[in-house]
Amino acid sequence: MSSSRSDYLLLAIFALAVLTMPIWLAPIGAGYPDILQKFAIFGIFALGFNILFGFSGYLSFGHAAFLGTGSYAAVWMFKLLSMNALIALVFAIAVAGVFAFLIGFVSLRRSGIYFSILTLAFAQMSYNLAYSVLTPITNGETGLQVSGSDPRILDHMFGSPSGRGVPDLFGLELQGWPGFYFCAILLILAFFVTMRIRNSTFGLMLFAIKSNQNRMNYTGFSTRPYLLAAFVISGMYAGLAGGLLAVTDPLAGADRMQWTASGEVVLMTILGGVGTLLGPVIGAAVMKYLEQIFSSFNEGVLHRAFDFLPGGVQDFMVTIVSPFVGEGWHLTLGLLFMLVVIFLPGGIMEGLRRVSGRFKGNRGEATAPHAGH
């Protein structure tokens, strides 16, 4: 695997941008640890999904199964062994990887829409099992959470039980800003690994499969092992994201396995830019920011926003806008997604490339007369 100097420069800029998010996102109301943790966690989730969908072209509608599995695995480690986040995350990644191997081994026997339907079916099976048959493990509708009566064998063995039941990193409680920076560092590491995968022979094979899988098969390459490896790696990313959700809030519920969660990561990746490095992270941040903003609006906020209008017009505007905020904020997301797909098929990254290209073009035109002299 090799990376150019420009890749390491991109990594340095990305790391600086992530670590300074509390500063430059504060003016738009996103400089809080809770929402920044979501940016980082779902950025990891989208990065992993992009390895499968963006690099190899296989669209999965069931990645929420690995997100939920990672959460359950992490909470069980909190309950049984220790509140140390590293132990929980390692177990979450391992369990999600094994689960992804089993689902991928079956699902990758098909391609195209049949593969997508199979992954969706497995995710819905997992969701329903978590609510019914696996209730002793998942605690059903109530969800799995830590309690003071948990054994926490390692914590008690080494004399460091966490009385509050808050996940920690060798004694440092991962709440608030420490929790954000922990997630941010893992996002940077996940971005680095994704970059290395893209620049590796394995990554080139995935892009070749996406370009023309039949031609790859005719040349004698067996594509299935590469696809299965990409599926497992992608599932492990999702398991890490699920484990981090449990670290920031030690609770695991079956709702994290629902098909809507799988749909969200698809939207994040397409919104940011499929197959790009930065696109999935940007898409995840934009979606979670819109969720935070628009879902918090209610009729009272809308009335205050339109209070400069006459009474009748104000009520009319509130009636028009109210379905797109609060619980209906997904309508706003749907409209945004439609606009991106229609006008920017390559996502936000395509828009940035267009703006950059136009800026360079204008600068070139400005310097051309001087070059003639």
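Sequence positions are assigned chain by chain, starting from 1 and proceeding in written order. Residue-level local features of this predicted model are given only where pLDDT is at least 70; pairs of side-chain atoms are given and counted only at 80 or more, and the full residue set underlies all totals for whole chains, interfaces and linings. Remark: hydrogens and water are excluded; side-chain values derive from all non-hydrogen atoms of the structure.

The criterion, for reference: UniProt positions are given in the numbering used here, feature names are shortened, and annotations may be inferred rather than shown by experiment.
For the protein chain, the name recorded in an unreviewed UniProt entry is Branched-chain amino acid ABC transporter permease, with Jiella pelagia as its organism. Checking UniProt for the protein chain, the heading Subcellular location (unreviewed entry) contains the comment "Cell membrane".

**Considering the packing of helix α1 (residues 5-19) against helix α9 (residues 177-198)**
The geometry of a pair of packed helices is captured by two quantities: the angle between their axes and the separation between those axes. Just so we agree on the cut-off: Under this scheme, a helix contributes an axis fitted over its contacting stretch, all axes are lines through C-alpha atoms, and angles between N-to-C directions fall in the 0 to 180 degree range. Secondary structure follows DSSP: runs of H or I at least 4 residues long count as helices, runs of E at least 2 residues long count as strands, and numbering of each begins at the N terminus. In these notes the angle categories are as follows: under 35 degrees is roughly parallel, over 145 is roughly antiparallel, 65 to 115 is roughly perpendicular, and the rest is oblique. What makes a crossing left-handed is the near helix being turned counterclockwise from the far one by less than a right angle; a clockwise turn instead makes it right-handed. Here a residue-residue contact requires only that any non-hydrogen atoms of the pair lie within 4.5 Å. Classes in brief: Ala, Val, Leu, Ile, Met, Phe, Trp, Tyr, Cys and Pro nonpolar; Asp, Glu, Lys and Arg charged; the others, Gly included, polar.
Closest axis-to-axis distance for the α1/α9 pair is 10 Å, and the angle between their directions is 160°. Classified by the angle between their axes, α1 and α9 sit roughly antiparallel to one another. Both α1 and α9 take part in a crossing whose hand is right-handed. Packed against α1, whose contacting residues are Asp-7, Tyr-8, Leu-10, Leu-11, Phe-14, Ala-15, Val-18 and Leu-19, the element α9 presents Phe-180, Tyr-181, Ala-184, Leu-187, Ile-188, Phe-191, Phe-192, Met-195, Arg-196 and Arg-198 at the interface. Of the residues assigned to the contact of α1 with α9, the class counts are 15 nonpolar, no polar and 3 charged.

**A word on the pattern of salt bridges**
Heads up, the rule is: We define a salt bridge as a side-chain nitrogen of Lys or Arg found within 4 Å of a carboxyl oxygen belonging to Asp or Glu. Burial classes follow relative accessibility: with a 1.4 Å probe on protein chains only, a residue under 20% of its type's maximum area counts as buried, one over 50% as exposed, and anything between as partly exposed.
Tallying each qualifying case throughout the model produces 5 salt bridges. A salt bridge links Glu-264 to Lys-288, with the shortest nitrogen-to-oxygen separation between them at 3.4 Å. Placement of the pair is Glu-264 in helix α12 (residues 259-272) and Lys-288 in helix α13 (residues 279-294), with a sequence separation of 24 residues. Across the pair, Lys-288 and Glu-264 agree in class, each one buried. Between Glu-291 and Lys-288 there is a salt bridge, with its nearest N and O atoms 2.9 Å apart. Taken together, the positions of Glu-291 and Lys-288, both in helix α13 and 3 residues apart, correspond to about one turn of that helix. Connected via shared salt-bridge partners are Glu-264, Lys-288 and Glu-291.

**A short note on the packing of aromatic side chains**
Rule in force here: Two aromatic rings, drawn from Phe, Tyr or Trp (for Trp, its six-membered ring), form a pair once their centres lie within 6.5 Å of each other, and the interplanar angle then sorts them: stacked below 30 degrees, edge-to-face above 60, tilted otherwise. A ring is considered to have a charge above it if a Lys NZ or an Arg CZ atom is located within 6 Å of its centre and within 35 degrees of its normal.
The final tally for this structure, using the stated rule, is 15 aromatic pairs. Taking the centre distance of 4.9 Å and the plane angle of 35° together, the rings of Phe-55 and Phe-207 count as tilted. Separated by 152 residues along the polypeptide, Phe-55 in helix α3 (residues 33-56) and Phe-207 in helix α10 (residues 201-218) bring together distant segments of the chain. For Phe-55, a relative accessible area of 0% gives the class buried. One aromatic cluster in this structure is built from Tyr-58, Phe-66, Phe-99, Phe-115 and Phe-231. The residue whose ring lies beneath Lys-79 is Trp-76, and the NZ or CZ to ring-centre distance is 6.0 Å. Above the ring of Phe-42, the side-chain terminus of Lys-288 is found at 4.1 Å from the ring centroid.

**Observations regarding the nonpolar core**
Note the cut-off: Only buried Ala, Val, Leu, Ile, Met, Phe, Trp, Tyr and Cys residues count toward a nonpolar core, and they belong to the same one when joined by side-chain atoms within 4.5 Å.
Within the largest apolar cluster, 88 residues are counted, with the highest numbers of intra-cluster contacts made by Ile-44, Leu-187, Phe-231 and Leu-244. Residues in contact with Phe-231, not counting those within four places in the same chain, are Leu-52, His-63, Phe-66, Ala-100, Ile-103, Gly-104, Leu-108, Phe-115 and Thr-119.

**Considering α3**
The following threshold applies: Helices are assigned an expected span. That span is 1.5 Å times one less than the residue count. One fitted axis covers the seven residues ending at a residue, a second covers the seven starting there, and the bend at that residue is the angle between these axes.
If you check α3, its first and last C-alpha atoms are 34 Å apart, about what 24 residues at 1.5 Å a residue would give, namely 34 Å. Of all bends in α3, the biggest is about 40°, found at Asn-50. Burial analysis of α3 places 22 of its 24 residues in the buried class, which makes it a mostly covered element. Gly-57 sits one or two residues past α3 and shows a positive phi near 85°.

**Quick look at the UniProt feature "transmembrane region" (unreviewed entry) in the protein chain**
Feature annotation in UniProt places "transmembrane region" (unreviewed entry) on residues 35-53, 84-106, 113-134, 179-197, 225-245, 265-287 and 331-352, given in this structure's numbering. Between the C-alpha atoms that bound residues 35-53 the distance is 26 Å, and the span itself is 100% helix and 0% strand. Overall, residues 113-134 shows 86% helix and 0% strand. The separation of its end C-alpha atoms is 29 Å.

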